[in-house]
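Remarks on the overall topology
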Amino acid sequence: MSRSVVYARRAAATVALGVLAVGCQDTAREETARPGAAPPSPTAPASAAPSPSPVATTAANTVEVCREVDKLILAGSRRIATDSAASVTRDLTGEQVADQLRRNLAGLADDVRAQARRAADPEIRALIQDTADRIDAGSRASRPAAWMDSTFTAIPPKLTRECRA
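Read on for an overview of the structure. (Residues numbered from 1 in each chain as written. Predicted model: local features only at pLDDT ≥ 70, side-chain atom pairs only at ≥ 80, totals over all residues. Heavy atoms only, no water.)

Regarding the overall build of the protein
Counting its regular elements, the protein contains six helices and zero strands. The linear arrangement of helices and strands in the protein, starting from the amino end, is α-α-α-α-α-α. When the 165 residues of the protein are sorted by exposure, 38% land in the buried category. (Helix = DSSP H or I, 4+ residues; strand = E, 2+ residues; numbered from the N terminus. Buried < 20%, exposed > 50% of the residue type's maximum accessible area, 1.4 Å probe, protein only.)

Written as C-alpha coordinates, this is what we have:
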(Lines give C-alpha, C1' and ligand atoms only; values in the text may rest on other atoms or scores of the structure.)
Protein backbone atom coordinates (compact mmCIF):
# COMPACT_ATOMS: atom_id res chain seq x y z
CA MET A 1 0.00 0.00 0.00
CA SER A 2 1.46 3.35 -1.01
CA ARG A 3 2.27 6.02 1.52
CA SER A 4 -0.25 8.41 -0.07
CA VAL A 5 -3.07 5.94 0.48
CA VAL A 6 -2.02 5.51 4.10
CA TYR A 7 -2.04 9.31 4.57
CA ALA A 8 -5.44 9.60 2.89
CA ARG A 9 -6.92 6.95 5.17
CA ARG A 10 -5.29 8.50 8.20
CA ALA A 11 -6.72 11.90 7.25
CA ALA A 12 -10.18 10.39 6.84
CA ALA A 13 -9.95 8.76 10.29
CA THR A 14 -8.74 12.02 11.82
CA VAL A 15 -11.57 13.94 10.26
CA ALA A 16 -14.06 11.37 11.49
CA LEU A 17 -12.82 11.95 15.05
CA GLY A 18 -13.14 15.71 14.53
CA VAL A 19 -16.67 15.29 13.24
CA LEU A 20 -17.59 13.26 16.31
CA ALA A 21 -16.10 15.90 18.60
CA VAL A 22 -17.99 18.70 16.90
CA GLY A 23 -21.18 16.67 16.89
CA CYS A 24 -20.93 16.21 20.64
CA GLN A 25 -20.31 19.91 21.04
CA ASP A 26 -23.48 20.79 19.10
CA THR A 27 -25.56 18.42 21.22
CA ALA A 28 -24.30 19.92 24.47
CA ARG A 29 -25.09 23.46 23.31
CA GLU A 30 -28.54 22.46 22.07
CA GLU A 31 -29.39 20.78 25.39
CA THR A 32 -28.56 23.93 27.35
CA ALA A 33 -30.62 26.05 24.95
CA ARG A 34 -33.78 23.85 25.05
CA PRO A 35 -36.90 25.26 26.65
CA GLY A 36 -37.48 23.59 29.98
CA ALA A 37 -33.78 22.85 30.42
CA ALA A 38 -32.52 23.84 33.83
CA PRO A 39 -30.83 27.22 33.58
CA PRO A 40 -27.36 27.52 35.03
CA SER A 41 -27.45 28.60 38.64
CA PRO A 42 -26.36 32.20 39.18
CA THR A 43 -23.17 32.84 41.07
CA ALA A 44 -24.12 36.38 42.08
CA PRO A 45 -27.41 37.66 43.48
CA ALA A 46 -29.79 38.76 40.74
CA SER A 47 -30.85 42.39 40.63
CA ALA A 48 -34.53 43.26 40.76
CA ALA A 49 -34.67 44.58 37.19
CA PRO A 50 -32.00 43.59 34.69
CA SER A 51 -30.80 46.53 32.68
CA PRO A 52 -30.14 46.25 28.96
CA SER A 53 -26.46 46.08 28.23
CA PRO A 54 -24.20 45.59 25.22
CA VAL A 55 -23.16 42.25 26.74
CA ALA A 56 -26.60 40.77 25.94
CA THR A 57 -26.23 41.75 22.28
CA THR A 58 -22.69 40.42 22.15
CA ALA A 59 -23.72 37.18 23.84
CA ALA A 60 -26.52 36.59 21.34
CA ASN A 61 -24.18 37.26 18.44
CA THR A 62 -21.52 35.07 20.02
CA VAL A 63 -23.89 32.10 20.29
CA GLU A 64 -24.96 32.55 16.67
CA VAL A 65 -21.42 32.96 15.34
CA CYS A 66 -20.01 30.08 17.38
CA ARG A 67 -22.84 27.83 16.26
CA GLU A 68 -22.19 28.74 12.62
CA VAL A 69 -18.46 28.03 13.02
CA ASP A 70 -19.36 24.64 14.52
CA LYS A 71 -21.54 23.90 11.50
CA LEU A 72 -18.78 24.98 9.11
CA ILE A 73 -16.18 22.79 10.83
CA LEU A 74 -18.60 19.86 10.79
CA ALA A 75 -19.50 20.32 7.11
CA GLY A 76 -15.85 20.85 6.17
CA SER A 77 -14.83 17.74 8.09
CA ARG A 78 -17.48 15.70 6.32
CA ARG A 79 -16.38 17.04 2.94
CA ILE A 80 -12.74 16.18 3.69
CA ALA A 81 -13.66 12.69 4.89
CA THR A 82 -15.85 12.06 1.83
CA ASP A 83 -13.19 13.34 -0.57
CA SER A 84 -10.45 11.37 1.17
CA ALA A 85 -12.43 8.14 0.98
CA ALA A 86 -13.32 8.80 -2.67
CA SER A 87 -9.69 9.51 -3.54
CA VAL A 88 -8.77 5.94 -2.65
CA THR A 89 -11.34 4.51 -5.06
CA ARG A 90 -10.35 6.98 -7.79
CA ASP A 91 -6.73 5.88 -7.43
CA LEU A 92 -5.35 9.41 -6.97
CA THR A 93 -1.67 9.98 -6.40
CA GLY A 94 -0.45 11.20 -3.03
CA GLU A 95 0.09 14.70 -4.42
CA GLN A 96 -3.45 14.79 -5.87
CA VAL A 97 -4.87 13.76 -2.51
CA ALA A 98 -2.79 16.44 -0.77
CA ASP A 99 -3.90 19.10 -3.29
CA GLN A 100 -7.53 18.17 -2.78
CA LEU A 101 -7.11 18.35 0.99
CA ARG A 102 -5.39 21.74 0.67
CA ARG A 103 -8.30 23.11 -1.40
CA ASN A 104 -10.83 21.83 1.13
CA LEU A 105 -8.91 23.38 4.01
CA ALA A 106 -8.49 26.72 2.21
CA GLY A 107 -12.23 26.88 1.54
CA LEU A 108 -13.01 26.02 5.15
CA ALA A 109 -10.58 28.70 6.37
CA ASP A 110 -12.29 31.31 4.18
CA ASP A 111 -15.72 30.32 5.51
CA VAL A 112 -14.54 30.46 9.13
CA ARG A 113 -12.83 33.82 8.51
CA ALA A 114 -16.15 35.23 7.24
CA GLN A 115 -17.72 34.28 10.58
CA ALA A 116 -14.90 36.00 12.45
CA ARG A 117 -15.83 39.25 10.69
CA ARG A 118 -19.42 38.85 11.97
CA ALA A 119 -18.47 38.41 15.63
CA ALA A 120 -19.35 41.40 17.79
CA ASP A 121 -17.20 40.31 20.75
CA PRO A 122 -13.53 41.15 20.05
CA GLU A 123 -12.30 38.09 21.97
CA ILE A 124 -14.56 35.75 20.00
CA ARG A 125 -13.56 37.49 16.77
CA ALA A 126 -9.88 36.93 17.62
CA LEU A 127 -10.53 33.27 18.55
CA ILE A 128 -12.34 32.55 15.30
CA GLN A 129 -9.78 34.47 13.24
CA ASP A 130 -7.03 32.43 14.89
CA THR A 131 -8.98 29.27 14.05
CA ALA A 132 -9.23 30.36 10.40
CA ASP A 133 -5.51 31.16 10.34
CA ARG A 134 -4.67 27.72 11.77
CA ILE A 135 -6.85 26.00 9.16
CA ASP A 136 -5.28 28.16 6.46
CA ALA A 137 -1.84 27.02 7.65
CA GLY A 138 -3.00 23.45 7.04
CA SER A 139 -3.94 24.39 3.49
CA ARG A 140 -0.35 25.49 2.93
CA ALA A 141 1.28 22.54 4.70
CA SER A 142 3.61 20.35 2.69
CA ARG A 143 1.88 17.33 4.25
CA PRO A 144 -1.70 18.39 4.98
CA ALA A 145 -2.73 14.91 6.15
CA ALA A 146 -0.04 15.03 8.83
CA TRP A 147 -1.19 18.54 9.74
CA MET A 148 -4.72 17.15 10.16
CA ASP A 149 -3.41 14.56 12.63
CA SER A 150 -1.37 17.02 14.63
CA THR A 151 -3.38 20.25 14.53
CA PHE A 152 -6.90 19.97 13.13
CA THR A 153 -8.07 17.53 15.78
CA ALA A 154 -7.34 20.13 18.48
CA ILE A 155 -9.57 22.79 16.90
CA PRO A 156 -13.07 21.51 17.87
CA PRO A 157 -12.20 21.00 21.56
CA LYS A 158 -10.66 24.49 21.73
CA LEU A 159 -13.78 26.01 20.19
CA THR A 160 -15.93 24.06 22.67
CA ARG A 161 -13.97 25.53 25.58
CA GLU A 162 -13.54 29.09 24.35
CA CYS A 163 -16.27 29.99 21.84
CA ARG A 164 -19.27 30.76 24.00
CA ALA A 165 -21.18 33.66 25.45
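Here we look at the side chain of Asn104
Structurally, Asn104 is set in helix H3 (residues 94-118). A residue is classified by how much of its surface remains accessible, and Asn104, at 13% relative accessible area, is buried. At 3.0 Å, the side chain of Asn104 and the side chain of Asp83 are in polar contact. Beyond its immediate sequence surroundings of up to four residues, Asn104 is in contact with Arg79, Ile80 and Asp83. (Polar contact = N/O pair within 3.5 Å; in protein donor to acceptor, adjacent residues only side chain to side chain. Contact = heavy atoms within 4.5 Å.)

Structural notes on the side chain of Ser139
Along the chain, Ser139 turns up in helix H4 (residues 122-139). On the basis of relative accessibility, which here comes to 10%, the residue Ser139 falls in the buried class. In this structure the side chain of Ser139 is engaged in a polar contact, spanning 2.6 Å, whose partner is the backbone oxygen of Asp136. Setting aside residues no more than four positions away along its own chain, Ser139 makes contact with Arg102, Leu105 and Ala106.

Notes on the packing of H3 against H4
Between H3 and H4, the least distance of the axes is 8 Å, while the angle of their chain directions is 170°. Judged by the inter-axis angle, H3 sits roughly antiparallel to H4. Read as a crossing pair, H3 and H4 show a hand that is left-handed. Every residue of H4 that contacts H3 at Arg102, Leu105, Ala106, Leu108, Ala109, Val112, Arg113, Gln115 and Ala116 is listed here: Arg125, Ile128, Gln129, Thr131, Ala132, Asp133, Ile135, Asp136, Gly138 and Ser139. A breakdown of the residues in the contact of H3 with H4 according to their chemical character gives nine nonpolar, five polar and five charged. (Axes fitted to C-alpha atoms, helices over the stretch in contact; angles between N-to-C directions. Parallel < 35°, antiparallel > 145°, perpendicular 65-115°, else oblique. Left-handed = near helix turned anticlockwise from the far one by under 90°. Nonpolar A, V, L, I, M, F, W, Y, C, P; charged D, E, K, R; others polar.)

Comments concerning the state of the cysteines
In this structure the tally under the stated criterion is one disulfide. Residue pairing for Cys66: its cysteine sulfur links by disulfide to Cys163, the two sulfurs lying 1.8 Å apart. The S-S bond linking Cys66 to Cys163 shows a torsion near -90°; that makes this disulfide left-handed. One end of the pair, Cys66, is in helix H2 (residues 54-89); the other, Cys163, is in the segment after helix H6 (155-162), with 97 residues separating them in the sequence. Both residues of the pair, Cys66 and Cys163, belong to the buried class. (Disulfide = S-S within 2.5 Å.)

Focus: the pattern of salt bridges
Under the defined criterion, the tally for this structure stands at eight salt bridges. Residue Arg113 pairs with Asp136 through a salt bridge whose shortest N-O separation is 3.6 Å. Separated by 23 residues along the polypeptide, Arg113 in helix H3 and Asp136 in helix H4 bring together distant segments of the chain. Comparing Arg113 with Asp136, the two get one shared label, buried. (Salt bridge = Lys/Arg side-chain N within 4 Å of Asp/Glu carboxyl O.)

Observations regarding H4
Spanning 18 residues, H4 covers 25 Å between terminal C-alpha atoms, matching the ideal 26 Å at 1.5 Å per step. Taken as a whole, H4 has its buried residues at Ile124, Leu127, Ile128, Thr131, Ala132, Ile135, Asp136, Gly138 and Ser139. A side-chain oxygen of the first residue of H4 lies 2.8 Å from the backbone nitrogen of Glu123; this N-cap is Asp121. (Expected span 1.5 Å × (residues − 1).)

Some points on H6
By the burial criterion, the buried members of H6 are Ile155, Pro156 and Leu159. Buried residues of H6, viewed axially, fall in a sector of 95°; they line one side. (Arc of directions from axis to C-beta.)

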